[in-house]
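# Breakdown of the fold
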Amino acid sequence: SKFVGHTGSVYSITFNPTGTLIATGSADHTVRLWQNDSRGLSATIKSHSGPVRACSFSFDGQYLLTGSDDKYLKIFTVHNRKHTSTIAAHTNWIRAAEFSPDSRLIVSASDDCTVKLWDSEQLTQISLFDDKAPIL
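In this report, we go over the structure that sits alongside the text. (Residues numbered from 1 in each chain as written. Predicted model: local features only at pLDDT ≥ 70, side-chain atom pairs only at ≥ 80, totals over all residues. Heavy atoms only, no water.)

### Topic: the overall build of the protein chain
Helix and strand counts for the protein chain come out as zero helices and 12 strands. Along the protein chain, helices (α) and strands (β) appear in the sequence β-β-β-β-β-β-β-β-β-β-β-β when read from the amino end. The C-alpha atoms of the protein chain give 14 Å as radius of gyration, which agrees with the globular expectation for 136 residues (14 Å, within 12%). Dimensions of the protein chain, computed from the C-alpha atoms along their principal axes, are close to 45 × 30 × 20 Å. Across the 136 residues in the protein chain, those meeting the buried criterion constitute 46%. Across the protein chain, the fraction of contacts at a sequence separation of at least 24, relative to all contacts at a separation of at least 6, is 32%. For the protein chain, the computed accessible surface area is about 7200 Å², with 51% contributed by carbon and sulfur atoms. Separation of charge centres in the protein chain, based on 13 positive and 13 negative side chains, amounts to 8 Å. (Helix = DSSP H or I, 4+ residues; strand = E, 2+ residues; numbered from the N terminus. Rg over C-alpha atoms; globule rule 2.2 N^0.38 Å. Buried < 20%, exposed > 50% of the residue type's maximum accessible area, 1.4 Å probe, protein only. Contact = heavy atoms within 4.5 Å. Areas by Shrake-Rupley, 256 points an atom, 1.4 Å probe, with all protein chains shown as cover. Lys, Arg positive; Asp, Glu negative; His and termini not counted. Charge placed at Lys NZ, Arg CZ, Asp CG, Glu CD.)

Listed below in C-alpha coordinates is the structure:
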(Lines give C-alpha, C1' and ligand atoms only; values in the text may rest on other atoms or scores of the structure.)
Protein backbone atom coordinates (compact mmCIF):
# COMPACT_ATOMS: atom_id res chain seq x y z
CA SER A 1 0.00 0.00 0.00
CA LYS A 2 1.09 3.54 -0.69
CA PHE A 3 0.23 6.09 1.96
CA VAL A 4 -0.10 9.55 0.42
CA GLY A 5 -0.43 12.69 2.49
CA HIS A 6 2.61 14.84 3.25
CA THR A 7 3.75 17.40 0.71
CA GLY A 8 7.31 17.56 2.09
CA SER A 9 10.02 15.21 3.34
CA VAL A 10 9.11 13.05 6.34
CA TYR A 11 11.53 13.60 9.24
CA SER A 12 10.04 11.56 12.07
CA ILE A 13 7.88 8.50 12.53
CA THR A 14 6.60 6.52 15.51
CA PHE A 15 4.02 3.88 16.41
CA ASN A 16 1.50 4.35 19.19
CA PRO A 17 1.87 1.78 22.01
CA THR A 18 -0.67 -0.63 20.51
CA GLY A 19 0.65 -0.31 16.96
CA THR A 20 -2.72 0.81 15.58
CA LEU A 21 -1.59 4.36 14.71
CA ILE A 22 1.53 5.80 13.14
CA ALA A 23 2.51 9.45 13.61
CA THR A 24 4.72 11.20 11.06
CA GLY A 25 6.29 14.66 11.17
CA SER A 26 7.19 16.49 7.99
CA ALA A 27 8.92 19.40 6.29
CA ASP A 28 5.42 20.55 5.31
CA HIS A 29 4.96 21.72 8.96
CA THR A 30 2.33 19.05 9.70
CA VAL A 31 1.93 15.87 11.68
CA ARG A 32 -0.18 13.06 10.30
CA LEU A 33 -1.84 10.31 12.28
CA TRP A 34 -2.17 7.23 10.07
CA GLN A 35 -4.34 4.21 10.67
CA ASN A 36 -2.04 1.19 10.52
CA ASP A 37 -4.03 -0.75 7.96
CA SER A 38 -4.13 -1.21 4.20
CA ARG A 39 -6.41 1.79 3.60
CA GLY A 40 -3.76 4.35 4.57
CA LEU A 41 -6.24 6.84 6.03
CA SER A 42 -4.77 9.77 7.94
CA ALA A 43 -5.71 12.89 9.86
CA THR A 44 -3.61 16.05 9.73
CA ILE A 45 -2.46 18.16 12.67
CA LYS A 46 -1.41 21.69 11.68
CA SER A 47 0.10 23.59 14.58
CA HIS A 48 3.81 24.21 13.97
CA SER A 49 5.30 27.01 11.89
CA GLY A 50 8.33 24.94 10.88
CA PRO A 51 9.25 21.41 9.86
CA VAL A 52 8.27 18.77 12.45
CA ARG A 53 11.32 16.66 13.31
CA ALA A 54 10.08 14.78 16.39
CA CYS A 55 6.98 12.76 17.30
CA SER A 56 6.37 10.64 20.40
CA PHE A 57 3.28 9.00 21.89
CA SER A 58 2.65 8.91 25.64
CA PHE A 59 2.82 5.46 27.26
CA ASP A 60 -0.98 5.12 27.18
CA GLY A 61 -1.24 6.42 23.61
CA GLN A 62 -3.56 9.25 24.65
CA TYR A 63 -1.12 12.09 23.88
CA LEU A 64 1.26 12.96 21.07
CA LEU A 65 4.37 15.10 21.63
CA THR A 66 5.89 16.97 18.68
CA GLY A 67 9.02 19.08 18.23
CA SER A 68 9.78 21.45 15.39
CA ASP A 69 12.20 23.85 13.76
CA ASP A 70 9.92 26.54 15.22
CA LYS A 71 11.67 25.72 18.56
CA TYR A 72 8.46 24.60 20.30
CA LEU A 73 7.35 21.34 21.84
CA LYS A 74 3.62 20.75 21.51
CA ILE A 75 1.29 18.17 23.05
CA PHE A 76 -1.96 16.99 21.46
CA THR A 77 -4.73 14.64 22.52
CA VAL A 78 -4.76 11.77 20.03
CA HIS A 79 -8.49 10.98 19.97
CA ASN A 80 -9.54 14.46 18.77
CA ARG A 81 -6.16 15.89 17.67
CA LYS A 82 -6.64 18.87 20.01
CA HIS A 83 -3.62 20.99 20.93
CA THR A 84 -3.33 21.02 24.73
CA SER A 85 0.10 22.45 25.59
CA THR A 86 3.07 24.35 24.19
CA ILE A 87 6.57 24.63 25.61
CA ALA A 88 8.94 27.33 24.31
CA ALA A 89 11.69 24.78 24.60
CA HIS A 90 14.83 25.77 22.73
CA THR A 91 16.66 28.59 20.93
CA ASN A 92 17.26 26.54 17.78
CA TRP A 93 15.66 23.67 15.85
CA ILE A 94 14.36 20.75 17.90
CA ARG A 95 15.77 17.52 16.48
CA ALA A 96 14.36 14.93 18.90
CA ALA A 97 11.72 14.71 21.65
CA GLU A 98 10.37 11.77 23.63
CA PHE A 99 8.04 11.01 26.53
CA SER A 100 9.61 8.93 29.30
CA PRO A 101 8.24 5.38 29.64
CA ASP A 102 5.73 6.56 32.29
CA SER A 103 5.02 9.86 30.41
CA ARG A 104 5.83 11.95 33.48
CA LEU A 105 8.87 13.44 31.77
CA ILE A 106 9.76 14.79 28.35
CA VAL A 107 13.28 14.97 26.94
CA SER A 108 14.19 17.19 23.99
CA ALA A 109 17.35 17.75 21.96
CA SER A 110 18.17 20.75 19.82
CA ASP A 111 20.65 22.40 17.49
CA ASP A 112 21.15 24.89 20.33
CA CYS A 113 23.52 22.19 21.68
CA THR A 114 21.31 21.29 24.63
CA VAL A 115 19.26 18.38 25.89
CA LYS A 116 16.47 19.41 28.25
CA LEU A 117 14.36 17.39 30.65
CA TRP A 118 10.80 18.64 31.29
CA ASP A 119 7.98 17.86 33.71
CA SER A 120 5.15 16.88 31.34
CA GLU A 121 2.36 18.05 33.68
CA GLN A 122 3.84 21.31 34.97
CA LEU A 123 5.57 21.98 31.60
CA THR A 124 8.66 23.16 33.49
CA GLN A 125 12.31 22.45 32.82
CA ILE A 126 13.88 20.05 35.32
CA SER A 127 17.41 19.65 33.91
CA LEU A 128 19.67 21.08 31.23
CA PHE A 129 22.44 19.06 29.61
CA ASP A 130 24.73 21.42 27.72
CA ASP A 131 27.36 20.47 25.14
CA LYS A 132 29.60 22.28 22.69
CA ALA A 133 28.61 20.36 19.56
CA PRO A 134 25.19 20.08 17.89
CA ILE A 135 23.16 17.12 19.13
CA LEU A 136 22.27 14.45 16.58
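### With respect to the nonpolar core
The nonpolar side chains of a soluble globular protein tend to be buried with one another. One finds Ala54, Leu65, Leu73, Ile75, Ile87, Ala89, Ile94, Ala97, Phe99, Ile106 and Trp118 forming the largest nonpolar core, which totals 11 residues. For this core, the secondary-structure elements that each account for two or more residues are β7 (72-77) and β9 (94-99). Counting residues per element, this core draws most heavily on β9, at three residues. Every residue in contact with Ile94, bar those within four places of it in the chain, is listed here: Arg53, Gly67, Ser68, Asp69, Lys71, Tyr72, Leu73, Ala89, Ala109 and Ser110. (Core = buried A, V, L, I, M, F, W, Y, C linked by side-chain atoms within 4.5 Å.)

### Things to note about the environment of Ile45
By the element assignment, Ile45 lies in strand β4 (residues 42-46). The buried category is assigned to Ile45, whose relative accessible area is 5%. Distance from Ile45 to His79, taken between C-alpha atoms, is 12 Å for residues 34 residues apart in sequence. The contact partners of Ile45, leaving out residues within four places of it in the chain, are Thr30, Val31, Leu33, Leu64, Phe76 and Arg81.

### Quick look at the side chain of Ser103
Residue position: Ser103 is located in the loop between β9 and β10 (105-110). Its relative accessible area of 12% is what places Ser103 among the buried residues.

### Details of the side chain of Ser26
You can see Ser26 is positioned in strand β2 (residues 21-26). Reaching out from Ser26, the side chain makes a polar contact with the side chain of His6 at a distance of 3.5 Å. (Polar contact = N/O pair within 3.5 Å; in protein donor to acceptor, adjacent residues only side chain to side chain.)

### Side note on the pattern of salt bridges
Counting across every chain of the model gives three salt bridges. The closest approach of N and O atoms between Arg95 and Asp111, which form a salt bridge, is 2.9 Å. Of the two residues, Arg95 is situated in strand β9 and Asp111 in the loop between β10 and β11 (114-119); the sequence distance between them amounts to 16 residues. (Salt bridge = Lys/Arg side-chain N within 4 Å of Asp/Glu carboxyl O.)

### Description of the pairing of β7
Where burial is concerned, most of β7 is hidden: five out of the six residues are buried. As consecutive antiparallel partners, strand β6 (residues 63-68) and β7 are separated by three residues, and within that stretch Lys71 has a phi angle of approximately 80°, a positive value. Across five bridges, β7 lies against strand β8 (residues 83-88) in antiparallel orientation. Within β8, the position partnered with Leu73 by the bridge is Ile87. Between β7 and β8, which pair antiparallel and follow one another directly, the connecting turn spans five residues, one of which, Arg81, has a positive phi of 60°. (Pairing = 2+ DSSP bridges.)

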